[in-house]
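Each chain, written out:
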Amino acid sequence: MTGLGAVFRPQLPPERLRAVVELADASGLEELWLWEDCFREGGISAAAAALAWSERVRIGVGLLPVPLRNVAITAMEAATLYRLFPGRPILAVGHGVQDWMGQVGARAESPVTLLREHLDALRALLRGERLTVQGRYVTLDDVGLDWPPAGPVEILAGAGGPRTLRLSGASADGTVLTASTAPDGVRRARQLIDEGRESTGRTEAHQVVVYLLTATGPGAAARLRAELAEEGLESVPDLGVAGDADAVAKAVQRLAEAGADTVVLQPTGDEPDPEAFVRFAAEEVRALVP
């Protein structure tokens, strides 16, 4: 079965989160995803609150920008969430938006090297290993977690370009693709991820999560066109969907057939009713997605 989720976009104020989380939990939504976009809402703090306010829905953070975070802090916060809420957090890390990283003096000369070092150290720390590392960006001297997760956990990576997709296959447990990824892009991403997996001999399953820009209800087509135009993506074919549950489910299925394991419906930034959007995903679209 294709996984299905929805995004709580950080254009909404943090105080709106609780109502959306509680609705997601009650309506049967499988995954609710949060973003750590600069300079809006913190990913870990929002995820901790969302997990505490719910009982069953999985909470994803896609993604934590690694230039902002010492890997030991990422590991400590991740391990705490995994131990407090076993099986429910989903954490992804990535380069972050380079302009934003530059605004805070954290832009790396080699984002791919930084992400590789961060992923390798983070996954090792979460396995309970004690590390001494002297990398280009990551330095650890006899560092280990007192409270690593009780069992295996997965760390995903946000990726778009070929080098990062191969890196995700080699060093992450799954990949998050943005809403600018059409079905053909998912197929190509799968190929590059698999090249990375093969280069390191990895054979375990690798989850691919794809955001799908989605508009429904009155004015849906116009809202979708406006957001694609704002992002400079209006000429990209097969990107986003506007319409009823049947139209959205068909778009989800096209991404699944291209290689997505989970499709996360991303509302437009001007979505008028975030709670209704979550209910729409959980109750109407889910019933039509095999």
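Computed from a prediction, not measured in an experiment: that's the story for all the values here.

(A) Region of the structure containing the packing of helix H1 (residues 17-27) against helix H10 (residues 274-285). The N-to-C vectors of H1 and H10 enclose an angle of 20°; their axes lie 9 Å apart at closest approach. Overall, the two elements H1 and H10 adopt an arrangement that is roughly parallel. Here H1 and H10 pass one another in a crossing that is right-handed. Contact residues: Ala 19, Val 20, Leu 23, Ala 24 and Ser 27 in H1; Pro 274, Glu 275, Val 278, Arg 279, Ala 282 and Glu 283 in H10.

(B) Just helix H8 (residues 220-230), in detail. Of the residues making up H8, those classed as buried are Ala 220, Arg 223, Leu 224, Glu 227 and Leu 228. For H8, the angular spread of buried residues about the axis comes to 130°, placing them on one side. In H8, the exposed residues that point more than 90 degrees away from the buried face are Arg 225 and Glu 230. On its buried face, H8 sits against strand E9 (207-215), strand E10 (241-242) and strand E11 (262-267). Positive backbone phi, approximately 70°, marks Gly 232, located one or two places after H8.

(C) Spatial organisation of unusual backbone geometry. Here the bond from Cys 38 into Phe 39 is cis, since omega is 0°, no more than 30 degrees from zero. With respect to the helices and strands, the residue Phe 39 is situated in the loop between strand E2 (31-34) and helix H2 (43-52). Despite not being glycine, Asp 238 has its phi angle at roughly 60°, a positive value. Within the secondary structure, Asp 238 is located in the loop between H8 and E10.

(D) Local environment of the packing of aromatic side chains. Using the criterion set out here, one finds 2 aromatic pairs in the structure. Each ring, one from Trp 33 and one from Tyr 211, has its centre 6.1 Å from the other, and the planes form 85°; the classification is edge-to-face. One end of the pair, Trp 33, is in strand E2; the other, Tyr 211, is in strand E9, and 178 residues separate them in sequence. Of the two residues, Trp 33 and Tyr 211, both sit in the buried class. Measuring from ring centre to ring centre gives 5.7 Å for Trp 35 and Tyr 211, while their planes differ by 65°; the resulting arrangement is edge-to-face. Pair noted here: Trp 35 is in the loop between E2 and H2 and Tyr 211 is in strand E9, with a separation of 176 residues, a long-range link.

(E) Just the side chain of Ser 171, in detail. Inspection of the secondary structure puts Ser 171 in helix H6 (residues 162-171). Residue classification places Ser 171 among the buried positions, given a relative accessible area of 6%. Once residues within four sequence positions are removed from consideration, Ser 171 is found in contact with Arg 116, Leu 119, Asp 120, Arg 123 and Arg 202.

(F) Molecular detail of the nonpolar core. Among the nonpolar cores identified, the biggest contains 77 residues, and Leu 32, Leu 265 and Val 285 are the most heavily contacted of them. Ranked by residue count, the leading element in this core is helix H5 (residues 111-126), at 9 residues. Ignoring anything within four residues of it in the chain, the contact list for Leu 265 reads Leu 4, Gly 5, Ala 6, Val 7, Leu 212, Thr 214, Val 248, Val 252, Phe 277, Ala 281 and Val 285. Membership of the second largest hydrophobic core comes to 18 residues, among which are Trp 35, Ala 92, Leu 156 and Tyr 211.

Criteria and thresholds
- Residues numbered from 1 in each chain as written.
- Predicted model: local features only at pLDDT ≥ 70, side-chain atom pairs only at ≥ 80, totals over all residues.
- Heavy atoms only, no water.
- Axes fitted to C-alpha atoms, helices over the stretch in contact; angles between N-to-C directions.
- Helix = DSSP H or I, 4+ residues; strand = E, 2+ residues; numbered from the N terminus.
- Parallel < 35°, antiparallel > 145°, perpendicular 65-115°, else oblique.
- Left-handed = near helix turned anticlockwise from the far one by under 90°.
- Contact = heavy atoms within 4.5 Å.
- Buried < 20%, exposed > 50% of the residue type's maximum accessible area, 1.4 Å probe, protein only.
- Arc of directions from axis to C-beta.
- Phe/Tyr/Trp six-rings, centres within 6.5 Å; stacked < 30°, edge-to-face > 60°.
- Core = buried A, V, L, I, M, F, W, Y, C linked by side-chain atoms within 4.5 Å.

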